[in-house]
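Coordinate analysis (summary)
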Amino acid sequence: MSIITNIELFAGAGGLALGLEKAGIEGVEFVEFNHAACNTLRKNRPNWNVVEDDVHDVDFTSYKGKVDLVSGGAPCQAFSYAGKKLGFGDTRGTLFAEFARCIVEVQPKMFLFENVRGLLSHDEGRTFNTIKHVFEGLGYTVQHKILNSCYHGVGQKRERLIVIGIRNDLM
């Protein structure tokens, strides 16, 4: 069985990346802007390739055709029920475009995009439809589902939107 490889954007302190690691997926690059989060990643996984930089400034072209999965959860404050819900009017709300750029540069077999449930209903669903349309325009078949962590062995209620894309030529 071949190794599945991954680039993680908006890695934070590694919650999603650790889950992928437990699933047998090997991370090749972890991009995070926050210094404290990068320190946490480096302390917990000293062998990981942590790139502490603004995602806008990271070039992914060297991974073209070499990585199976791009994953990440772009900052969610722009869509969260607890936030101001400014959507694309908040610069954090446009960071999905950097996720899409990574997909264009890497052309992975699949992607996993995670965000808050509120993204689905933001602006009467138009925001999510725009994001989904962008991903489909990149040549991916896209599906999404709301998952609640309390039904998957986690001791908290945390609903998350999970968006999976599979490259059309693999379908």
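Scroll up to find the structure this text is about.
The following paragraphs examine the structure supplied in this document. Predicted model, so just to flag it, every value in this text is computed and none were measured. (Residues numbered from 1 in each chain as written. Predicted model: local features only at pLDDT ≥ 70, side-chain atom pairs only at ≥ 80, totals over all residues. Heavy atoms only, no water.)

Let us look at the pattern of salt bridges. Under the criterion given, the structure shown has 9 salt bridges. One salt bridge in this structure joins aspartate 68 and lysine 109, with 3.2 Å as the shortest N-O distance. With a gap of 41 residues between them, aspartate 68 in the loop between β3 (50–52) and β4 (69–72) and lysine 109 in the loop between α3 (96–106) and β5 (110–116) connect regions that are remote in the sequence. Take aspartate 68: its relative accessible area is 11%, and that puts it in the buried class. Judged by relative accessible area, lysine 109 falls into the partly exposed class, the value being 39%. In this structure, arginine 126 and glutamate 124 form a salt bridge, with 3.4 Å as the shortest nitrogen-oxygen distance. Residue classification places glutamate 124 among the exposed positions, given a relative accessible area of 68%. (Salt bridge = Lys/Arg side-chain N within 4 Å of Asp/Glu carboxyl O. Helix = DSSP H or I, 4+ residues; strand = E, 2+ residues; numbered from the N terminus. Buried < 20%, exposed > 50% of the residue type's maximum accessible area, 1.4 Å probe, protein only.)

The sheet built from 7 strands is open, its strands ordered β3-β2-β1-β4-β5-β7-β6 with mixed pairing. Edge positions in the open sheet fall to β3 and β6 (140–148), since each of these has one partner strand only. Across this sheet, the average inter-strand angle for adjacent strands is 20°, counted without regard to direction. Against the sheet, helix α2 (residues 35–44) makes contact with β2 (25–32) and β3, and its axis sits at roughly 165° relative to β3, the strand it touches most. Set on the sheet, α3 makes contact with β1 (4–9), β4, β5 and β6; between it and β4 the angle comes to about 170°. (Pairing = 2+ DSSP bridges. Axes fitted to C-alpha atoms, helices over the stretch in contact; angles between N-to-C directions. Contact = heavy atoms within 4.5 Å.)

So, about the packing of aromatic side chains. With the rule as written, the count across this model stands at 8 aromatic pairs. Geometrically, the ring pair formed by phenylalanine 111 and phenylalanine 135 is tilted, given 4.5 Å between the ring centres and 50° between the ring planes. Residue phenylalanine 111 is found in strand β5, and its partner phenylalanine 135 is found in helix α5 (residues 126–137); the two are separated by 24 residues along the sequence. Note on phenylalanine 135: relative accessible area 0%, which makes it buried. On the basis of an interplanar angle of 65° and a centroid distance of 5.6 Å, the ring pair of phenylalanine 113 and phenylalanine 135 is categorised as edge-to-face. Note that phenylalanine 113 is positioned in strand β5 and phenylalanine 135 in helix α5, a separation of 22 residues in sequence. Every member of this aromatic cluster is reached through a ring pair, and the members are Phe96, Phe99, Phe111, Phe113, Phe135 and Tyr140. (Phe/Tyr/Trp six-rings, centres within 6.5 Å; stacked < 30°, edge-to-face > 60°.)

Formed by 29 residues in total, the largest nonpolar core has its most connected members in Leu9, Phe60, Phe99, Phe111, Phe113 and Phe135. Sorting the residues of this core by element identifies β1, α3, β5, α5, β6 and β7 (159–167) as the ones contributing at least two each. The biggest single contributor to this core is α3, with 6 residues. (Core = buried A, V, L, I, M, F, W, Y, C linked by side-chain atoms within 4.5 Å.)

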